[in-house]
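Here are the chains, one letter per residue:
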Amino acid sequence: MESRLAEERGTDHSDDEASGPAPEVTVTGDELTAHATYDKCMALARNTWWTWHPEVINLFRDLDPIRWRQLDHNPIALLREFTPERLALRATEMVLFSRINYAYRRLKEYLAETKTWASTNAGVLGARPVAYFSAEFGLHESIPIYSGGLGVLSGDHIKSASGLAIPLVGIGLFYDQGYFKQHLDSNGYQQEEYFDTKVENLPFEPAVSPAGEPVTIGIETRGGTLLAKVWLLRVGRISLYLLDSNVDGNTPQDRELTSRLYGGDERIRIRQELLLGVGGVKALRALGIRPGVYHLNEGHSAFAPLEVVRARMEDDGLAFDDAMRVVVRQTVFTTHTPVPAGHDRFDATLIEEHLGPLRDQLGITFQQLMGIGRVDPQNDGESFCMTVVGLKMSRYANAVSNLHGHISRRMWALLWPRRREEDIPIGHITNGVHVPSWLAGQMRQLYDRHFAHGWIRRMGEPEVWQAIHTVDPGELWETHNTLKTLLLAFVRRRVSRQCRRRGESDDIVEAARNVLDPNILTIGFGRRFATYKRANLILSDLDRLDRMLNSADRPVQMIFAGKAHPKDEPGKQFIQKIANLRHDPRFARRVVYIEDYDINVCRHMVQGVDVWLNNPRRPLEASGTSGQKVVLNGGLNLSVLDGWWAEAFDGSNGFAIGHGSSHVSDEITDRRDAESLYATLETRVIPTYYARDVDGLPGKWIKMMMSSISTCAWRFSAHRMVMDYTRLSYVPAAGGVSCEMPDP
Ligand SMILES: *Cc1c(COP(=O)(O)O)cnc(C)c1O
C-alpha cells in the first residue's frame, strides 16, 4: 500500500508540496508526505542505479553519516533503521525533500527513456535479449557477490549495458556469505572471516514467472535433484537474476552450495557451475525470457549452451547436431585467463555424475560428451575443460586485451590444428570500467564544468575527453589534491582502526591517526596478492627503497591493499612482509597496508593516489582494470607493459616499467623488472612530480595527467567495451549483419 502511495505522489507537483516547510502541512498531509518520502527513498535504494549517482549517494549519507559508514554504505539497511516519521524529520532538518524528489524523478525518467544508443545501434537484439552469464558481479561493496577483478568487470559491463540500454539480462549466483573479510593478526598474517548477509538488507526480490509465481528450478544429477530459487536484482534498466541453492528440498550440503565464492573443492565447484550454466538457462525459461544471444563471461558458465541445445531439441524437435549448430551461432564466449592452470577442469566421474541425465536427454555417448570438453576428443587422459567447451560452442570468442589475444591464440592453437596461429578464431575486446562508478564526485563536477553538455552519455567517445586540455592546470591540480586529502583521511581512519582491533597501545593508535603526509608523492598498490602480480617487487632492494622513500627533499610514500586467496600461502607471505614494514623504523611513516581490499577501498585508492603501481610478470595480466579507474581521477599509471597498459602507453600518458618483454627465467625477469622499476621512479616519476614551475605547479606532471585522461578515459571505458561487444559479437550472434573481428 505504501508503495502505491509513492507511485501516486511521484509526480512533478508533489515536488513543490514536499519541499515546502513541513509545519504548514496538516497532520494527515504530514503523514502522507512522510510515507511517500520514505517509499521514494526505498525505491531509490532498491535499484543499484544509485551506486553511480553521487547526488543520491550523498543523499543517503546525509540521512546519518555515521550509520552510513558503519552499515557499509547499504541504504536499505540504513532506511530500515528509520520510521517514515523520523525520516521526514531528518529530511526537514537537512532540507532533503527536494533532493529526494529530484533523484526519484531522475530514476523514473531514466527507466522510461526510449531514445538511447541501443535503439539506433542494436535494434536487431529487439525483444530477445542477450543473456550475460558470470560467476560473480561486483556492483557495490554492500552487495557481496564478488571477489575481485572478474566480478567488478561483470558489474561494470551490466551497468554500461544499462546506460546504453542494451537489451540484456545478467545471470549469476547469490552467495549469502560472499567472499571472505580479511584482517591481519599481530604477526601480519591474513585471517579470513565469513559473515552471513541478511537478504532483507539487499535490493533483492523473488523473481517471478509470467504467471506471477516465484521461480524454483531443478537440475537432475545422477545423485538426485539440485534445486534453486531465483532472485531479481535491478541494475538500472538491467535485470540481474541470481540463483540461490538455500531452499527446502535440498540436502543440508546443497543448501550451502552457493554460500561462498570460490570456497570449496572440485565437487562444490562443478555443482556451482552446474547451477550457474544449466540452472541459469532453466531459470530464464521459467521466467519466460527467450534470449537471442548467450554470452559466457569466462568458462564457469560453459555448461549453459548444452542445456540450450537440450531445450532446442525438445521445443523445436531438432536433432542433436542441428541443435548444436543453431546454439553455437548464438553463443559468444570471453576468456580471461592467460595461464593454463587457471582454467576449470573436471574429471570424468564428476562430469558423468552431474551431466549424465542431460547427456541422456541429448542422446549422446559419454565419449561424445567428454569430447566437447577436450582439445583431443579421443584422448581419455584429458579432463573436461570449461574453456574448451566455451571455445567450441561459441561463434565468437574473445580475449580481454590485444596482448592477451595473442597469448590465447597460441594457447589454444591445438583446437584448430590446420590453421595458422594468426587465423585462430579468438579476437579481443579490451576491458574497460564504468566511468560514473569510479569517478570521484569532485572530478565529475570538474568535467561537468568543462566538457560538452551531456558528455556522460557519450563517455565512450574520444572527442568528449579532448576538452580536458582546456582545463586550467591549477584547477585540475587542486581537485586532485582535494581527493588525495580525502584518501589520506580514509587511510588514517582505517589504519588506526586496524591497530585498535589488534589491541595495540594508545601511542600506536595515535601515530596511525597521523600517518602519511599530503605533500608527499603517493603510490598506490591495490590488487589480489596472487604471486604473479609481484606485490613485493619494490621490496627487492630495501636500502634503495629506503633512500627513495626518505629522501630529504623528494620523499615518497606507499599505500598497499589486497587479499590473498585463502589457499595461497606464498601470497599471504607477501602480505605479511609488506604489513610488517610498519615495525621497521625506516618505513613506519612511509608505508601502510589497508586491510580488506574491496570496492570501497579500491574506490578511495584509485581516486586519491598520485601514481598507481602495477608490476605483474608479463604476460600474465590478461587486462587489469584498476589502473583504468585511476586514469579517470587524474592519477598516473606506472606499469609493466602488460594487459591494457601495453596498448594504452604512448610515452606521454604515464610511465612504463621495462620494454614489453620477458625472459624465460622468472628470476631474471624479476631482477630486470625491479631494476627498471627503481630506475623509472628515480629518474622519471619522482623528478617530474617534484619539478615545480614559477606558479608552484608541476606543469609537466599535469600535462601527463591531461594526456592520460584524453587518451585513455574513453578507450578503457566500459561504454566503449559494451559498444564493441554489441557490434562485434552480440549483433552478429543475434542474426544481424556480420562484422569483422578486430585485428589481432
Ligand atoms: C577493479 C578491481 C579489481 C581489478 O583490479 P586489477 O587491476 O585487475 O588488479 C579487483 N578488485 C577490486 C575490488 C576492484 O575494484
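Residues numbered from 1 in each chain as written. Predicted model: local features only at pLDDT ≥ 70, side-chain atom pairs only at ≥ 80, totals over all residues. Heavy atoms only, no water.

Engineer: Just checking my understanding: could you explain a positive patch on the surface for this structure?
Structural biologist: A cluster of basic residues, Arg61, Arg69, Arg493, Arg497 and Arg500, forms a positive patch at the surface. Mapped onto the secondary structure, arginine 69 falls in helix H5 (residues 65–70). Exposure remark for arginine 69: the relative accessible area of 48% places this residue in the partly exposed category. (Patch = residues over 30% accessible without salt bridge, like charges linked within 9 Å, V, L, I, M, F, W, Y side chains within 5 Å. Areas by Shrake-Rupley, 256 points an atom, 1.4 Å probe, with all protein chains shown as cover. Salt bridge = Lys/Arg side-chain N within 4 Å of Asp/Glu carboxyl O. Lys, Arg positive; Asp, Glu negative; His and termini not counted. Charge placed at Lys NZ, Arg CZ, Asp CG, Glu CD. Helix = DSSP H or I, 4+ residues; strand = E, 2+ residues; numbered from the N terminus. Buried < 20%, exposed > 50% of the residue type's maximum accessible area, 1.4 Å probe, protein only.)

Engineer: For this particular structure, what's the right way to read the packing of aromatic side chains?
Structural biologist: The description of an aromatic ring pair uses the distance of the two centres, along with the angle that the planes make with each other. Under the counting rule described, the total for this entry stands at 28 aromatic pairs. Residues tryptophan 645 and phenylalanine 649 carry aromatic rings whose centres are separated by 5.6 Å and whose planes lie at 40 degrees to one another, so their mutual orientation is tilted. Tryptophan 645 gets classed as buried once you look at its relative accessible area, which sits at 0%. For phenylalanine 649, a relative accessible area of 25% puts it in the partly exposed group. In this structure, arginine 527 packs its charged tip against the face of phenylalanine 525, placed 5.0 Å from the ring centre. Directly above the aromatic system of tyrosine 689 lies the positively charged group of arginine 692, at a separation of 5.2 Å from the ring centroid. (Phe/Tyr/Trp six-rings, centres within 6.5 Å; stacked < 30°, edge-to-face > 60°. Lys NZ or Arg CZ within 6 Å of the ring centre and 35° of its normal.)

Engineer: Would you mind showing me how to read the sheet that holds strand S16 (residues 556–561) here?
Structural biologist: Consider a sheet: its strands pair through backbone hydrogen bonds, and that pairing is either parallel or antiparallel. Sheet architecture is open: six strands sit in the order S17-S16-S15-S18-S19-S20, paired in parallel fashion. Edge positions in the open sheet fall to strand S17 (591–594) and strand S20 (655–657), since each of these has one partner strand only. Neighbour-to-neighbour, the strand axes of this sheet turn through a mean angle of 20 degrees, independent of strand direction. Where S16 and S17 come together, four bridges link them in parallel fashion. What sits directly across from alanine 561, in S17, is isoleucine 594. Its contacts with the sheet place helix H29 (residues 666–690) against strand S15 (521–526), S16, strand S18 (611–614), strand S19 (636–640) and S20, and it is angled at close to 165 degrees to S20. (Pairing = 2+ DSSP bridges. Axes fitted to C-alpha atoms, helices over the stretch in contact; angles between N-to-C directions. Contact = heavy atoms within 4.5 Å.)

Engineer: So what exactly am I meant to see when it comes to the pattern of salt bridges here?
Structural biologist: Oppositely charged side chains can pair when the atoms bearing their charge come close. If you walk through the whole model with that rule in mind, you get 53 salt bridges. With a shortest N-O distance of 3.0 Å, glutamate 461 and arginine 458 are connected by a salt bridge. Close ionic contact of glutamate 667 with arginine 671 constitutes a salt bridge, the shortest N to O distance being 3.9 Å. Of this pair, glutamate 667 and arginine 671 both sit in helix H29, separated by four residues, roughly a single helical turn. Here glutamate 667 and arginine 671 have matching classes, each one exposed. A single network of salt bridges, built from pairs that share partners, joins Lys282, Arg285, Glu307, Arg310, Glu314 and Asp315.

Engineer: Sorry, what's going on with the domain arrangement of the protein chain here?
Structural biologist: Often the size quoted for an interface is simply the accessible area lost on bringing the parts together. Each assigned domain of the protein chain is listed with its residue range as follows: domain 1 (2–112), domain 2 (127–431 + 724–733) and domain 3 (438–716). Of note, the centres of domain 2 and domain 3, computed from C-alpha atoms alone, are 33 Å apart. Tallying the contact residues gives 38 residues for domain 2 and 37 residues for domain 3. Of the roughly 3000 Å² buried between domain 2 and domain 3, counting both surfaces, carbon and sulfur atoms make up 52%. Linking domain 2 with domain 3 are four salt bridges. Of the charged contacts, one joins glutamate 192 and lysine 572 as a salt bridge, the two residues approaching to 2.8 Å between their closest N and O atoms. Connecting domain 2 to domain 3 are 20 residue pairs in polar contact (both at pLDDT 80 or more). When residues of the side of domain 2 that touches domain 3 are traced back to their parent elements, those giving at least two are helix H10 (149–164), strand S3 (181–184), strand S4 (190–193) and helix H18 (402–411). Residues of the side of domain 2 that touches domain 3, tallied by class, amount to 15 nonpolar, 17 polar and six charged. (Domains from an automatic or database assignment. Buried area = accessible area lost by both parts, 1.4 Å probe. Polar contact = N/O pair within 3.5 Å; in protein donor to acceptor, adjacent residues only side chain to side chain. Nonpolar A, V, L, I, M, F, W, Y, C, P; charged D, E, K, R; others polar.)

Engineer: Would you mind going over unusual backbone geometry with me for this structure?
Structural biologist: Peptide bonds are mostly trans, and most non-glycine residues show a negative phi. Between arginine 618 and proline 619 the backbone carries a cis peptide bond, its omega angle lying at 0 degrees. You can see proline 619 is positioned in the loop between S18 and helix H27 (626–632). Its identity is not glycine, yet valine 95 carries a phi of approximately 55 degrees, on the positive side. Relative to the assigned elements, valine 95 resides in the loop between helix H7 (84–94) and helix H8 (97–112). Despite not being glycine, arginine 534 has its phi angle at roughly 50 degrees, a positive value.

Engineer: Would you mind showing me how to read the site of the ligand here?
Structural biologist: Close to the ligand lie 14 residues, the nearest being Trp438, Lys533, Thr625, Ser626 and Lys629. The separation between an oxygen atom of the ligand and a polar main-chain atom of threonine 625 is 3.1 Å. A distance of 2.6 Å separates an oxygen atom of the ligand from a polar atom in the side chain of serine 626. For the ligand, the accessible surface in isolation is 390 Å², of which the surrounding protein chains cover 94%. Of all the elements in the fold, those that place two or more residues in the shell around the ligand are H10, helix H26 (599–608) and H27. Looking at the shell around the ligand, you find at least three residues from each of domain 2 (127–431 + 724–733) and domain 3 (438–716). (Near = heavy atom within 4 Å.)

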